[in-house]
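Structural description and commentary
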Amino acid sequence: MPNIFDPVRLGDLDLPNRILMAPLTRSRAEPGHLPGALMVEYYRQRASAGLIIAEATMAMEGNSAFINEPGIYSDAHAAAWKNVTDAVHAAGGRIALQIWHGGRACHPLLNNGRQPVAPSAIAITGEQTHTPEGKVDYVVPHALAESEIPGIIEGFAQAARHALAAGFDAVEIHGANGYLLDEFLRNSANHRTDSYGGPIAQRARLLLEVVDAVSGVWGAGRVGVRLSPINSYNAMRDSDPIGLTRFVAAALSERKIAYLHMMRGDFAGLQEGDVMTPAREAFAGALIGNMGYTAAEANEALADGRLNAVAFGTPWIANPDLVQRLRTNAPLAMPDPAKFYSPGPEGYTDYPPLTP
């Protein structure tokens, strides 16, 4: 029976263990959304992960949803990320890039006054976003015309080409957490009446077209997709998350992508449901579980075939040597949430590994 320390093959990716690093926004990019030396060191330190899935990275210019998140929309970004991938590879690691469009979670104050885009003109409510002028309400987004959607698909394809040039081992398409592709998937944010709205098959159309375009660049065996069908973050809900999970997982299975990365829960605890079982039933490829797994629970899920690998998130922040700590049953260091998004090395690259 497999455990978290065993090798695994995800599509065309051969990984030394099943302890993956989930994408974690840390807001340490330099001006111009360029990865710098600090990000190089941060990812190098965590190269023992079976696969690092680097943080949400802007596929298209002008769609910033955070402060100082990285981009992958230009040759300059590819060159800067190449420093990261080279460092991770030199340390024996493997790294994928999560390509992302913030959708209605973007804000004009972060994008030179540009109005965000979304499937429908429905703002995020009940939450605020951080901007250079402090916390503010989200704005009503521009509902994308059907004629604008091919540009979104090409934006992801171009980001995939830049990620390939940057030396990544794979790409993960961000279809989770209330950002653009997830907004199309879930009917609380998608009220469209054209061929990208309405039934599940039509709401899933944009995600699947993006998957096809990115697979045309990389080959499906090096493309992953992340989903969060019951996460309410960014004011998201769906009337049938189980049916949505089953349909999308089956469609992705047909495409033979490298892996499906499922967030099993809801950050806020507002929505409940088992989305992992229908995902496992519908997806024949490698399934990655995420959100709150312990090593023991991960091993149980691997042993009975429910999962092929597990992505740990927060534990990687304060434990750059997480694999070693889990292997030796060493205590885990606790991160400082006040420094999750602060600038500089504190709370980022200054967590020490275990003493040899």
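About the cut-offs
- Once a new chain begins, its residue numbering starts again from 1 and follows that chain's sequence as written.
- The model is predicted, so local features are restricted to residues of pLDDT at least 70 and side-chain atom pairs to those at 80 or more, both for listing and for counting; the totals for chains, interfaces and linings are taken over all residues.
- The side-chain figures draw on all heavy atoms in the structure; neither hydrogens nor water molecules are used.
- Numbering goes from the N terminus for both helices and strands, where a helix is a DSSP run of H or I of at least four residues and a strand is a run of E of at least two.
- With C-alpha atoms as the basis for the radius of gyration, the globule rule is written as 2.2 Å multiplied by the number of residues raised to the power 0.38.
- Accessibility here uses a 1.4 Å probe with only protein chains present; expressed as a share of the type maximum, an area under 20% marks a residue as buried, one over 50% as exposed, and anything in between as partly exposed.
- In what follows, residue pairs with any heavy atoms lying within 4.5 Å of each other are defined as contacts.
- Per-residue and other accessible areas were derived by the Shrake-Rupley procedure at a 1.4 Å probe size, with only the shown protein chains allowed to occlude residues.
- Charge convention: Lys and Arg are scored as positive, Asp and Glu as negative, and His as well as the terminal groups of each chain are ignored.
- For the purpose of locating charges, the reference atoms are NZ of Lys, CZ of Arg, CG of Asp and CD of Glu.
- We define a polar contact as two N or O atoms separated by no more than 3.5 Å, with the added condition that, inside protein, one atom must be a possible hydrogen donor and the other a possible acceptor, whereas residues neighbouring each other in sequence contribute only through side-chain atom pairs.
- Stacked, tilted and edge-to-face pairs are distinguished by plane angle, under 30 degrees for stacked and over 60 for edge-to-face with tilted covering the rest, among Phe, Tyr and Trp rings (Trp via its six-membered ring) whose centres lie within 6.5 Å.
- What a helix should span is 1.5 Å times the count of its residues minus one.
- Between Lys or Arg on one side and Asp or Glu on the other, a salt bridge is scored when a side-chain nitrogen of the former is within 4 Å of a carboxyl oxygen of the latter.
- Two strands are counted as paired when DSSP detects at least two bridges linking them.
- The criterion is simple. A nonpolar core is a set of buried Ala, Val, Leu, Ile, Met, Phe, Trp, Tyr and Cys residues joined through side-chain atoms within 4.5 Å.

Now for the overall build of the protein. The number of helices and strands found in the protein is 11 helices and 14 strands. Its C-alpha atoms give the protein a radius of gyration of 19 Å, near enough to 21 Å, the size a compact globule of 356 residues would have. Across its three principal axes, the protein shows a C-alpha extent of roughly 60 × 45 × 40 Å. Counting over 356 residues, the protein shows a buried share of 57%. In the protein, of all internal contacts separated by at least 6 residues, the share reaching a separation of at least 24 is 73%. Surface accessibility of the protein: about 13,400 Å² in total, with carbon and sulfur atoms responsible for 54%. If you average the places of the 28 positive and of the 37 negative side-chain charges in the protein, the two averages end up 4 Å apart.

Let's shift gears to the side chain of Asn190. On the secondary structure map, Asn190 appears in the loop between helix H4 (180-185) and helix H5 (200-203). A polar contact is formed between the side chain of Asn190 and the backbone oxygen of Phe184, at a distance of 2.8 Å. Reaching out from Asn190, the side chain makes a polar contact with the backbone oxygen of Tyr196 at a distance of 2.9 Å. Asn190 has contacts with Pro119, Ser120, Glu183, Phe184, Tyr196, Gly197 and Arg203, leaving out every residue within four places of it along the chain.

Ring pairs (aromatic) are described by centroid distance and by the angle formed between their planes. Tallying each qualifying case throughout the model produces 10 aromatic pairs. Between Phe66 and Trp100, the ring centres sit 5.8 Å apart and the planes meet at 25°, which makes this aromatic pair stacked. With Phe66 in the loop between strand S4 (52-58) and helix H2 (75-90) and Trp100 in strand S5 (residues 95-100), this pair connects stretches of sequence that are 34 residues apart. This pair shows no difference in class: Phe66 is buried, exactly as Trp100 is.

Despite not being glycine, Asn177 shows a phi value in the positive range, around 60°. Along the polypeptide, Asn177 turns up in the loop between strand S10 (170-175) and H4. We classify Asn177 as buried; its relative accessible area is 7%. In this model, Asn234 sits at a positive phi of 65°, which is unusual for a non-glycine residue. Positionally, Asn234 belongs in the loop between strand S11 (223-227) and helix H7 (241-254).

The next point concerns helix H3 (residues 149-165). Along its 17 residues, H3 runs 25 Å from first to last C-alpha, staying within 8% of the 24 Å computed at 1.5 Å per residue. Turning to H3, its buried residues are Ile149, Ile152, Ile153, Gly155, Phe156, Ala157, Ala159, Ala160, His162 and Ala163. Check the buried side of H3 and you find it contacts H2, S5, S10, H4 and helix H6 (205-218). Of the residues flanking the end of H3, it is Gly167, one or two places downstream, whose phi is positive at about 90°.

According to the stated counting rule, one finds 17 salt bridges in the structure shown. The residue Glu154 makes a salt bridge to Arg161 at a minimum N-O spacing of 2.3 Å. Among the residues examined, Arg161 registers a relative accessible area of 33% and is labelled partly exposed. The salt bridge involving Arg306 is made with Asp304; its shortest N-O contact spans 2.7 Å. Because the salt bridges share partners, they merge into one network encompassing Arg9, Asp12 and Asp14.

Most of S5 is tucked away: six of the six residues are buried. On S5, burial covers both faces: Ile95, Leu97 and Ile99 on one face and Ala96, Gln98 and Trp100 on the other are all buried. Where S4 and S5 come together, five bridges link them in parallel fashion. Bridged to Met58 within S5 is Trp100.

Let us now look at the environment of Ala76. Among the structural elements, Ala76 can be located in helix H2. Along the sequence, Ala76 and His33 sit 43 residues apart, while their C-alpha atoms lie 10.0 Å from each other.

Taking 1.5 Å per residue, 16 residues should reach 22 Å; H2 reaches 22 Å between its end C-alpha atoms and fits that length. Buried residues of H2: His77, Ala78, Ala80, Trp81, Val84, Thr85, Ala87 and Val88, and no others. Elements that come into contact with the buried residues of H2 comprise helix H1 (37-45), S4, S5 and H3. Put simply, Ser74 is the residue that caps the front of H2, since its side-chain oxygen is 3.3 Å from the backbone nitrogen of Ala76. Looking one or two residues beyond H2, the residue adopting positive phi is Gly92, at roughly 90°.

Another aspect to go through is the environment of Pro199. With respect to the helices and strands, Pro199 occurs in the loop between H4 and H5. The class for Pro199 is partly exposed, based on a relative accessible area of 49%.

Once that is clear, we can look at the nonpolar core. Counting residues in each nonpolar core, the largest one holds 85 residues, and the members touching the most others are Tyr43, Trp81, Ile173, Val214 and Leu252. If near-sequence neighbours (up to four positions away) are discounted, Leu252 is found in contact with Leu208, Val211, Val225, Leu227, Ile257, Leu260 and Phe283. Grouped together as the second largest cluster of nonpolar side chains are 16 residues, Leu13, Ala96, Ala170 and Ala311 included.

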